[in-house]
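Topology and contacts: notes
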Amino acid sequence: KAEVQAKVSSAEKACDKSLAAWRAAVTALGTDVGVNGYGIIHDRSAFRQRLQTAQLRIAESLAALDGVDWPSNAAYDQL
């Protein structure tokens, strides 16, 4: 049972880390982008920075999910 609990705990921590990074990506993308009458972005530098921040956070989110020994349904049943 201790092994199953450790597996579940590890997966829980990975998910917490992944979700935190995902939320940071959503926050980075969550504001409006100002454009002029021609549809050209007013502050391209800030826009680019937000995209890069989101890209980094998405990569962190995905990396947090990699390498986890995910519990099976049977493992949950044991708990």
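Residues numbered from 1 in each chain as written. Predicted model: local features only at pLDDT ≥ 70, side-chain atom pairs only at ≥ 80, totals over all residues. Heavy atoms only, no water.

1. Observations concerning the packing of helix α1 (residues 2-29) against helix α2 (residues 44-65)
For the pair α1 and α2, the least separation of the axes is 8 Å and the interaxial angle reads 165°. Our classification of the angle between α1 and α2 gives roughly antiparallel. Note on packing geometry: the crossing formed by α1 with α2 is left-handed. Contacts between α1 and α2 involve Ala14, Lys17, Ser18, Ala21, Trp22, Ala24, Ala25, Ala28 and Leu29 on the former and, on the latter, Arg50, Leu51, Thr53, Ala54, Arg57, Ile58, Glu60, Ser61, Ala64 and Leu65. Taken together, the residues of the contact of α1 with α2 break down into 12 nonpolar, three polar and four charged. (Axes fitted to C-alpha atoms, helices over the stretch in contact; angles between N-to-C directions. Helix = DSSP H or I, 4+ residues; strand = E, 2+ residues; numbered from the N terminus. Parallel < 35°, antiparallel > 145°, perpendicular 65-115°, else oblique. Left-handed = near helix turned anticlockwise from the far one by under 90°. Contact = heavy atoms within 4.5 Å. Nonpolar A, V, L, I, M, F, W, Y, C, P; charged D, E, K, R; others polar.)

2. Structural notes on α1
Its 28 residues give α1 an end-to-end C-alpha distance of 41 Å, which sits within 8% of 40 Å, the value for a rise of 1.5 Å per residue. Residues Val4, Val8, Ala11, Ala14, Ser18, Ala21, Ala25 and Ala28 constitute the buried set of α1. The inward-facing, buried residues of α1 abut α2 and α3 (73-78). (Expected span 1.5 Å × (residues − 1). Buried < 20%, exposed > 50% of the residue type's maximum accessible area, 1.4 Å probe, protein only.)

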